[in-house]
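These are the residues of each chain, in order.
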Amino acid sequence: MKRALCLLFAILLCACSGDPLPADRLAYAGEWRADTVLLVITPDGNVHYRREDRDPNVKVSIDAPIKKFEGNDFLVGLGPFTTKFVVSKPPELVDGQYRMTVDGRELVRTRAFGGREA
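Bear in mind the structure is a predicted one, so any value in this text is a computation, not a measurement. (Residues numbered from 1 in each chain as written. Predicted model: local features only at pLDDT ≥ 70, side-chain atom pairs only at ≥ 80, totals over all residues. Heavy atoms only, no water.)

What follows deals with unusual backbone geometry. Leaving glycine out, the prevailing phi sign among residues is negative, and the prevailing peptide bond configuration is trans. Unusually for a residue other than glycine, aspartate 95 sits at a positive phi of about 50°. Inspection of the secondary structure puts aspartate 95 in the loop between β7 (87–94) and β8 (97–102). Residue aspartate 103 is not a glycine yet carries a positive backbone phi of 50°. Note that aspartate 103 resides in the loop between β8 and β9 (105–112). The class of aspartate 103 is partly exposed, set by a relative accessible area of 32%. (Helix = DSSP H or I, 4+ residues; strand = E, 2+ residues; numbered from the N terminus. Buried < 20%, exposed > 50% of the residue type's maximum accessible area, 1.4 Å probe, protein only.)

Structural data, given as structure tokens:
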């Protein structure tokens, strides 16, 4: 029984990590911010997302791997639970800062990962 639990725990840990970002998506990697949003995408394919709305009782938090990209959008989640991040403007350099529009919010990259500098 103990051995089976250890094996299950190891499988769950492996399931929590994402696949590395594809080479054509490395510009997504970094720490992205807006007034009430923090989005961190790591080169190894994991996402940390926090959003606080104007209502102090409404907060959104997601920590999960990227499952796949659909066009510019990306799906994040574990098992059957998935959240789609709609990217209407992929990362681009504008006036010396990388910007990306996700779920209707313009984000600015404040920190780069994986050798890509903002």
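Using the criterion set out here, one finds five aromatic pairs in the structure. Judged by centre distance (5.3 Å) and plane angle (75°), the rings of tyrosine 28 and phenylalanine 69 are edge-to-face. Here the residue tyrosine 28 occupies a position in the loop between α1 (2–15) and β1 (30–34), and phenylalanine 69 occupies one in strand β4 (residues 59–70), the gap between them amounting to 41 residues. The class for tyrosine 28 is buried, based on a relative accessible area of 3%. Each ring, one from phenylalanine 69 and one from phenylalanine 74, has its centre 6.0 Å from the other, and the planes form 55°; the classification is tilted. We note that phenylalanine 69, like phenylalanine 74, is buried. Ring pairing ties together the aromatic residues Tyr28, Tyr49, Phe69, Phe74 and Phe85, which thus form one cluster. The ring of tyrosine 98 carries the charged tip of arginine 109 above its face, separated from the ring centre by 4.3 Å. (Phe/Tyr/Trp six-rings, centres within 6.5 Å; stacked < 30°, edge-to-face > 60°. Lys NZ or Arg CZ within 6 Å of the ring centre and 35° of its normal.)

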